[in-house]
Amino acid sequence: MRLVPWQPDDLVRRLPDVVAVYGEAMGYRKELLETRRGYIAAHVRRPGFRAVATLTTDGQLAGFGYGYTSAGGQWWHDQVRSALSDAERRTWLTDCFEVVELHVRPAAQGHRIGSRQLRALLAMAAGSTCLLSTPEADEKTSRAWRLYRGFGFIDVLRDFHFPGDERAFAVLGRELPLAADRRDAAPAAERA
Ligand SMILES: CC(C)(COP(=O)(O)OP(=O)(O)OC[C@H]1O[C@@H](n2cnc3c(N)ncnc32)[C@H](O)[C@@H]1OP(=O)(O)O)[C@@H](O)C(=O)NCCC(=O)NCCS
């Protein structure tokens, strides 16, 4: 496996694979994925966009992650902003990188690909804080939750409902930069 940084056009070129990995990882229906495809293609043009991908030796996409600078006028930012106090907004949203997507193909999960992607993405991110949202789940049995807690993400909002989605989400955040941590270290040749 090879972890690589992606430029916006790299992600656009692999958009069908990106959407496929996203759909498999999240278990989403085809119709929903069609809508997401358009959003993802637009996200790559946002300020502060950063992306990483994990490729197999034969070039298959095993996982990816991306984010960008969180700013007013973005749907996710505005939803989160409206649920925070003034003090929380100042703390979390003033200079914030949003981790928008982080996914690993199910067959490849559990092998530190996600943690390497997250570490590489946050190392490239601009900002003094980062935020993400993830479905509410058992913190012990959910790998995503174990990952985010292990990276020091704390609760910003719990049981939060985004309009049009019946699931409850948590918004988690942490300060940037990350401290060095060797737990998910890749061999030097693989590091982004
Ligand atoms: C969540 C997801 C991206 C994680 O990727 P992954 O490659 O499967 O995860 P990893 O192998 O890196 O394992 C996460 C591990 O990180 C560990 N971890 C915690 N802190 C860590 C750290 N600082 N460094 C490295 N690993 C850490 C956790 O303990 C967990 O290990 P465990 O399963 O052995 O307990 C992936 O499982 C996935 O795509 N899931 C479905 C979609 C999803 O939930 N995406 C996130 C939605 S917001």
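Note: the structure precedes this text.
Residues numbered from 1 in each chain as written. Predicted model: local features only at pLDDT ≥ 70, side-chain atom pairs only at ≥ 80, totals over all residues. Heavy atoms only, no water.

**Things to note about the site of the ligand**
Stated formally: Neighbouring residues are identified by heavy atoms, a residue being near a molecule or strand if any of them is within 4 Å of it. Pairs of N or O atoms within 3.5 Å make up the polar contacts considered here, provided that, within protein, one atom can donate a hydrogen while the other can accept it, and that residues adjacent in sequence are counted only when both atoms are side-chain atoms. Surface exposure here means Shrake-Rupley accessible area, sampled with a 1.4 Å probe, where a residue is shielded only by the protein chains that are shown.
In the neighbourhood of the ligand, 25 residues make up the surrounding shell, with Val 104, Arg 112, Gly 114, Ser 115 and Arg 146 lying closest. His 103 places a polar side-chain atom, nitrogen or oxygen, 3.4 Å from a nitrogen atom of the ligand. Interatomic distance of 2.7 Å between a backbone N/O atom of Gly 114 and an oxygen atom of the ligand. Notes on the ligand: free accessible area 940 Å², of which the protein chains cover 86%.

**A word on the packing of aromatic side chains**
Keep this limit in mind: Stacked, tilted and edge-to-face are the three classes applied to pairs of Phe, Tyr and Trp rings, where Trp contributes its six-membered ring and a pair requires centres within 6.5 Å; stacked means planes under 30 degrees apart, edge-to-face means over 60, and tilted covers the rest. Throughout, exposure labels follow a simple rule: accessible area from a 1.4 Å probe, protein chains only, divided by the maximum for the residue type, with under 20% read as buried, over 50% as exposed, and the rest as partly exposed.
All chains considered together, the criterion is met by eight aromatic pairs. Both rings, one in Phe 64 and one in Tyr 66, keep their centres 6.4 Å apart while their planes meet at 20°; by these two values the pair is stacked. For Phe 64, a relative accessible area of 0% puts it in the buried group. Ring centres of Phe 160 and Phe 162 lie 4.8 Å apart, and the angle between their planes is 90°; this geometry places the pair in the edge-to-face category. The class of Phe 160 is buried, set by a relative accessible area of 13%. Each member of the aromatic cluster is reached from another via a ring pair, and the members are Trp 75, Trp 76, Phe 160, Phe 162 and Phe 169.

**Thoughts on unusual backbone geometry**
Keep this limit in mind: A helix here means a DSSP run of H or I that spans at least four residues, while a strand means a run of E at least two residues long, and both kinds are numbered starting from the N terminus.
A cis amide bond links Leu 176 with the next residue in sequence, Pro 177, at an omega value of 0°. Topologically, Pro 177 is positioned in the segment after strand E7 (169-175). Positive phi outside glycine occurs at Asp 159, with the angle close to 50°. Structurally, the position occupied by Asp 159 is in strand E6 (residues 154-160). You can call Asp 159 exposed: its relative accessible area is 53%.

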